[in-house]
Amino acid sequence: MSIFSYLKRRSNSTASVAKERLQIIISHERSQRNTPDYLPKLQEEILAVIAKYVPITRDRVTVNLERTGDSAVLELNVMMPDEVLEDI
Amino acid sequence: MAKIIVVTSGKGGVGKTTTSAAISSGLALQGHKTVVVDFDIGLRNLDIIMGCERRVVYDFINVINGEATLNQALIKDKRIPKLFILPASQTRDKDALNIEGVEKILNELSLEFDFIVCDSPAGIETGAMMAMYFADHAIIVTNPEVSSVRDSDRILGILASKTKRAVENNTPVQEHLLLTRYDPERVEKGEMLSVEDVKEILAIPLIGVIPESKSVLKASNTGTPVILDESSDAGIAYQDSIARFLGESRPMRFVNTERKSLLRRLFGKNREDVSA
């Protein structure tokens with residue numbers, strides 16, 4: 001490969017765009033790969049429990065598992081609807 | 001005990017069946033008794049690539065259901081003495097495959113053969129999961145193209161978590177990257193991902209690079225595994241890949257562009273035959 005084509009390839013060839021896009025999406029998908037299968041079900045059940053007490057929609061509950069070193073953090077995020085706050 | 005090799009990719013049309021035909025033929029040519037099994041239930045095509053489509057009487061599902069014996073369903077290749085084909089069923093639905101049935105047949109084949117090559121269907125449905133479940137080795141067929149590389153990575157994730165070896169905490173399935181439809185000229189122009197790019201992204205050992213070649217279509221037209229075309233670049237690249245699989249180390253061929261003279265550039269025909 002000549003120096004010229006090497007430089008051309010490095011700058012903004014479509015192949016280097018492809019590589020960059022792949023690296024980003026694959027690292028994202030790999031990080032999700034190791035999440036346990038029960039997470040979606042856990043989210044459903046937590047949502048069902050909260051819905052018993054306050055009116056809430058699906059998108060207001062998120063469950064995340066993050067691994068850092070040798071520990072894992074289960075993060076549960078519930079966005080309460082405005083009406084609930086007004087009642088208090 | 002036979003070694004079980006799954007040829008898989010996730011994405012369709014990347015060359016799984018061509019590769020299954022070539023790899024199984026190559027192993028048999030090297031003296032290993034080999035059977036190649038089509039797992040693409042409902043869309044069988046290995047038979048037509050291998051040139052034995054008119055000799056199919058019984059299939060994989062017939063054997064699972066006890067309607068035929070394995071020996072009735074196995075088709076002996078007419079060109080290569082130690083090669084056999086087990087065709088997929090063309091009619092029934094793919095739920096006809098189940099772990100117990102597949103295991104029973106693989107165990108039976110295992111007694112007689114050195115290698116069992118499983119030709120996986122595209123996707124990640126039952127057929128694909130069954131094809132990889134019992135594998136010792138996986139050949140990941142990948143094109144230097146974004147959707148194929150992404151799907152291959154997805155398949156690597158499944159191999160590492162859903163196969164028998166993964167479930168039982170045994171040594172993992174050995175993964176081998178086979179890059180197909182490679183065009184060094186487009187790579188040099190920056191129009192195609194290079195071998196190094198794909199290796200870096202997928203991070204598994206490379207077993208071979210098969211160049212984009214007219215000989216692949218010519219071989220499938222006549223139902224001849226491309227590896228039997230000893231004058232073709234793709235055939236030679238497959239032979240090299242098998243040698244590497246069997247432990248030999250060979251330099252990669254067809255990954256760099258040939259230096260062409262001005263005349264050949266102007267009047268040259270498309271590369272398909274190489275004088276080896």
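Keep in mind that this is a model prediction, so the values were computed, not measured.

Q: Can you help me understand the pattern of salt bridges in this one?
A: Opposite charge on two side chains allows them to pair when their charged atoms are near. Residues and elements named next belong to chain B. Going through the model one piece at a time under the given rule, you end up with 15 salt bridges over all chains. Measuring nitrogen to oxygen at the nearest pair gives 2.8 Å for the salt bridge that ties Glu248 to Arg250. Residues joined by salt bridges that share partners form a network here, namely Asp240, Glu248, Arg250 and Arg253.

Q: Just to check I follow, could you spell out helix H10 (residues 195-202) of chain B for this structure?
A: Owing to its 3.6 residues per turn, the α-helix brings residues three or four apart onto one side. Residues and elements named next belong to chain B. Burial in H10 covers these residues: Val195, Asp197, Val198, Ile201 and Leu202. An end-on view of H10 places all buried positions within 165° of arc, on one side of the element. Among the residues trailing H10, Ala203 stands out with phi positive, at a value near 55°.

Q: Got a minute to help me understand the layout of surface pockets in this structure?
A: In this approach a probe as big as a water molecule rolls over the atoms, and the regions it shows empty are the leftover space. Residues and elements named next belong to chain B. By volume, the largest pocket amounts to about 500 Å³. In this structure, the largest pocket is lined by 26 residues; those nearest its centre are Gly13, Val14, Gly15, Lys16 and Thr18. Its residues assigned to classes, the lining of the largest pocket shows 10 nonpolar, 10 polar and six charged.

Q: Can you help me understand the confidence of the model for chain A in this one?
A: Across chain A, the average pLDDT comes to 79, with 81% of residues at or above 70. Within chain A, the lowest mean pLDDT, 57, falls on helix H1 (residues 3-12) of chain A, and the highest, 90, falls on helix H2 (residues 14-33) of chain A.

Q: Honestly, the interface of chain B and chain A in this entry has me stumped. Any pointers?
A: Interfaces are often sized by the amount of accessible area the parts lose when they come together. Across the contact, 21 residues belong to chain B and 17 residues belong to chain A. Between the two partners, chain B and chain A, sit four salt bridges. Applying the counting rule to chain B against chain A returns nine residue pairs in polar contact (both at pLDDT 80 or more). Among the elements of the structure, helix H7 (146-162), helix H9 (184-188) and H10 of chain B are those that each provide at least two residues to the side of chain B that touches chain A. The element contributing the most residues to the side of chain B that touches chain A is H7(B), with eight residues. Grouping the amino acids of the side of chain B that touches chain A by side-chain chemistry returns eight nonpolar, three polar and 10 charged.

What counts, and at which threshold
Residues numbered from 1 in each chain as written. Chains lettered and ligands numbered in written order. Predicted model: local features only at pLDDT ≥ 70, side-chain atom pairs only at ≥ 80, totals over all residues. Heavy atoms only, no water. Salt bridge = Lys/Arg side-chain N within 4 Å of Asp/Glu carboxyl O. Buried < 20%, exposed > 50% of the residue type's maximum accessible area, 1.4 Å probe, protein only. Helix = DSSP H or I, 4+ residues; strand = E, 2+ residues; numbered from the N terminus. Arc of directions from axis to C-beta. 1 Å grid on protein atoms, 1.4 Å probe; cavity = no way out; pocket = protein on both sides within 12 Å on 5 of 7 lines; lining within 4 Å. Points joined across faces, edges and corners; volume = space filled by probe spheres on them. Nonpolar A, V, L, I, M, F, W, Y, C, P; charged D, E, K, R; others polar. pLDDT = per-residue confidence, 0-100. Contact = heavy atoms within 4.5 Å. Polar contact = N/O pair within 3.5 Å; in protein donor to acceptor, adjacent residues only side chain to side chain.

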